[in-house]
Amino acid sequence: MCSISFINLISISLTCFLLSLYYLLNNMVYFIEWEVVSLNSMSIVMTFLFDWMSLLFMSFVLMIASLVIFYSKEYMESDENINRFIMLVLMFVLSMMLLIISPNLVSILLGWDGLGLVSYCLVIYFQNIKSYNAGMLTALSNRIGDVALLLAIAWMLNYGSWNYIFYLEVMQNEFSMLMIGSLVMLAAMTKSAQIPFSSWLPAAMAAPTPVSALVHSSTLVTAGVYLLIRFNIILSTSWLGQLLLLLSGLTMFMAGLGANFEFDLKKIIALSTLSQLGLMMSILSMGFYKLAMFHLLTHALFKALLFMCAGAIIHNMNNSQDIRLMGGLSIHMPLTSACFNVSNLALCGMPFLAGFYSKDMILEIVSISNINMFSFFLYFFSTGLTVSYSFRLVYYSMTGDLNCGSLNMLNDESWVMLRGMLGLLFMSIIGGSMLNWLIFPFPYMICLPGYLKMLTLFVCIVGGLFGYLISISNLYSLNKSLLNYNLTLFLGSMWFMPYISTYGMIFYPLNYGQLVVKSFDQGWSEYFGGQHLYYKLSNYSKTLFLMHNNSLKIYLMLFVFWIMILFSFLLFL
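Each chain has its residues counted from 1, running along the sequence as written. Per-residue local features are limited, in this predicted model, to residues with pLDDT of at least 70; the limit for side-chain atom pairs, both in listing and counting, is 80 or more; totals at the level of whole chains, interfaces and linings are taken over all residues. With hydrogens and water stripped out, all remaining heavy atoms of the structure feed into the side-chain values.

**Quick word on a nonpolar patch on the surface**
Formally: Think of a patch as exposed residues, more than 30% relative accessible area, with no salt bridge, where like charges cluster within 9 Å and nonpolar side chains (Val, Leu, Ile, Met, Phe, Trp, Tyr) cluster within 5 Å. Accessible surface area values rest on a Shrake-Rupley calculation with a 1.4 Å probe, where residue burial reflects the displayed protein chains alone. Think of a salt bridge as a Lys or Arg side-chain nitrogen and an Asp or Glu carboxyl oxygen that are within 4 Å of each other. In this text, helices come from DSSP runs of H or I with a minimum length of four residues, and strands from runs of E with a minimum of two, each type numbered from the N-terminal end. Each residue's exposure class comes from its accessible area (1.4 Å probe, protein chains only) as a fraction of the maximum for that residue type: buried when under 20%, exposed when over 50%, partly exposed otherwise.
A grouping of Leu 552, Tyr 555, Leu 556, Phe 559, Ile 563, Leu 566, Phe 567, Phe 569, Leu 570 and Leu 573 is seen on the molecular surface, where their side chains present a nonpolar patch of about 1,100 Å² in accessible area. Looking at where Leu 556 falls in the secondary structure, it is placed in helix H24 (residues 552-572). Using a relative accessible area of 47% as the deciding quantity, one classes Leu 556 as partly exposed.

**With respect to the side chain of Asn 316**
This is how the line gets drawn: We call two residues in contact whenever any of their non-hydrogen atoms come within 4.5 Å of each other.
Within the element layout of this structure, Asn 316 appears in helix H13 (residues 289-316). We classify Asn 316 as buried; its relative accessible area is 15%. Apart from residues no more than four positions distant in its own chain, Asn 316 is found in contact with Met 333, Met 409, Leu 410 and Asn 411.

**A few points about the UniProt feature "domain: NADH:quinone oxidoreductase/Mrp antiporter transmembrane" (unreviewed entry) in the protein chain**
Put simply, the test is: UniProt positions are given in the numbering used here, feature names are shortened, and annotations may be inferred rather than shown by experiment.
In the numbering used here, UniProt assigns the "domain: NADH:quinone oxidoreductase/Mrp antiporter transmembrane" (unreviewed entry) feature to residues 102-385. When the span residues 102-385 is considered, its composition is 74% helix and 0% strand, and the gap between its end C-alpha atoms is 36 Å.

**As for the UniProt feature "domain: NADH-Ubiquinone oxidoreductase (complex I) chain 5 N-terminal" (unreviewed entry) in the protein chain**
As recorded in UniProt, the feature "domain: NADH-Ubiquinone oxidoreductase (complex I) chain 5 N-terminal" (unreviewed entry) lies at residues 37-85. Here residues 37-85 runs as 57% helix and 24% strand, with 34 Å between its end C-alpha atoms.

**Section: the packing of helix H2 (residues 52-75) against H13**
Defined as follows: Under this scheme, a helix contributes an axis fitted over its contacting stretch, all axes are lines through C-alpha atoms, and angles between N-to-C directions fall in the 0 to 180 degree range. Between 65 and 115 degrees an angle is taken as roughly perpendicular, under 35 as roughly parallel, over 145 as roughly antiparallel, and anywhere else as oblique. Basically, the charged four are Asp, Glu, Lys and Arg, the nonpolar ten are Ala, Val, Leu, Ile, Met, Phe, Trp, Tyr, Cys and Pro, and anything else, Gly included, counts as polar.
For the pair H2 and H13, interaxial distance at closest approach is 11 Å and the crossing angle is 0°. With respect to H13, the element H2 is oriented roughly parallel. Taken together, the residues of the contact of H2 with H13 break down into 21 nonpolar, two polar and two charged.

**Section: the domain arrangement of the protein chain**
How we decide: The split of the chain into domains comes from an automatic or database domain assignment.
Assigned domains of the protein chain: these are domain 1 (1-476) and domain 2 (531-572). Between the C-alpha centres of domain 1 and domain 2 the distance comes to 82 Å.

**What to know about the packing of helix H16 (residues 354-368) against helix H17 (residues 373-398)**
Note the cut-off: Should the near helix be turned counterclockwise from the far one by less than a right angle, the crossing is left-handed, whereas a clockwise turn marks it as right-handed.
Two elements in contact, H16 and H17, have axes separated by 10 Å at closest approach and are oriented at 155°. When the interaxial angle is binned, H16 and H17 end up roughly antiparallel. Crossing of H16 against H17: the hand is left-handed. For the pair H16 and H17, contact is made by Lys 359, Ile 362, Leu 363, Val 366 and Ser 367 and by Phe 376, Tyr 379, Phe 380, Thr 383 and Thr 386, respectively.

**Considering the packing of aromatic side chains**
Aromatic ring pairs: the centre-centre distance and the angle between the two ring planes describe each pair. Here is the rule we go by: In summary, the pairing rule links any two rings of Phe, Tyr or Trp, Trp by its six-membered ring, whose centres are within 6.5 Å, and it sorts them by plane angle into stacked for under 30 degrees, edge-to-face for over 60 and tilted for everything else. Any Lys NZ or Arg CZ found within 6 Å of a ring centre and within 35 degrees of that ring's normal is scored as a charge over the ring.
Evaluated as defined, the whole model comprises 29 aromatic pairs. Ring plane angle 70° and centroid distance 6.4 Å describe the contact between Phe 166 and Tyr 167, whose orientation is recorded as edge-to-face. Phe 166 sits in the partly exposed class, given a relative accessible area of 41%. In textbook terms, an aromatic cluster arises when at least three aromatic residues are bridged by ring pairs, as seen for Phe 253, Phe 377, Phe 381, Phe 490, Trp 495, Phe 496 and Tyr 499. One residue, Arg 324, lies across the ring of Phe 263, its end atom 4.0 Å from the ring centre.

And the structure:
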């Protein structure tokens, strides 16, 4: 099943890519209406939008999905239910396709809900309590976005149809469009894990690594960004853009800080995804939707590769994800390490790799834009943090000696997994320049003073140096003792967001419920209700019983009283 899925997906991906080139060069957009049902004067119409953006994104999603399925053939080979796993991944791809090509909020909701459901099924794939908790957090966080989309659909009942693409430009200054825009922005923020919905993304790492490579790095989490790219007119003409810029900038900063304190390999990469999502969202909120799309596509390539390499390493380390137990992997697993380092350098923005073209252009556009100092600081400091945690990860895992058991089976001979990784390695090297030439047919001339031109490079070098310093264990423990423990805890646990999203949401309602049960159900209502009534009646009964038992006269007198009462009652009738 893996091979069939791989061949089908890769061929559809190539077709989509060639079509997107044709559409891009001829500046074409196809809007297709398919009449599903026509009954009396009512018709149900399904609409599809094919332009270079949807086709290019679709081809990238399909390409990564095909390579991930190929990779899973070996990664999941010990799983008896591998076909079920492949079916779930294919259902995910189908939902993603529906989301990408829909210019209609109802069909977008179908794809959106499909993504949420399949994502939940994949997160709880390894069935244990941690996976169930992570799955529940993922599903419930995403439900907020689903409800926001439903409200947007309800609000669009005022219009002629749900094809939002018709109304965006015409009605961009109206309150109703602003309302729809704010609801769509809320939905996109939950799906792309922006503050305050960030805690679900690192929790979703409980899923198998191929799922993390496809779903939680390159496709599902970018669905929110893609939706906002379609709604970008509303962001740039209202205060929503400024709010999104602040929240996504803080997300980028928070994830960068958190990754420097983390020791779980998959969580570091998840936080790096969160940081890059913040970068896409923030540049999109400034109105540069093409740049956001460019970074979305290049990021998908190197981040999927990074997760695949992490999966190969975890597989060889006997399913251990702790980077403190790794070391010297470049000697034992040279090819995997080469792929890992290339994807890491692409993430840092190493010149002429995939990430460089998009990140460098974003930071130069930020430098030339009319933007406040705080946002400027968030952009550049977060870039430095990205390089820092990437280099820290490399120093921990690639250099030094292996820190796990002396008897190990480290080898680099998983050929099926390596072939899948090499396909993405090729794209991570040439993908950036290729997309640069395609999306921006004429070169951007960004004229900046020398110190601003060199600032990106300087920030990267300083970040790399800082990453090296905190990877030295002695210095790191000194750094921890210098910092206040509570501050370290705060920075290292995503600003307490996982606690706020879980215990914070449930603690007060449960506490209140306990008080209600204690005071009412098992307190006053017991006293005034059933228990008290039972107590009083049993007391009366005992008293009467005593009287009856101890005095025959009283017993017989009561008979006389009852007969007299009965007679008087009958007389009155």
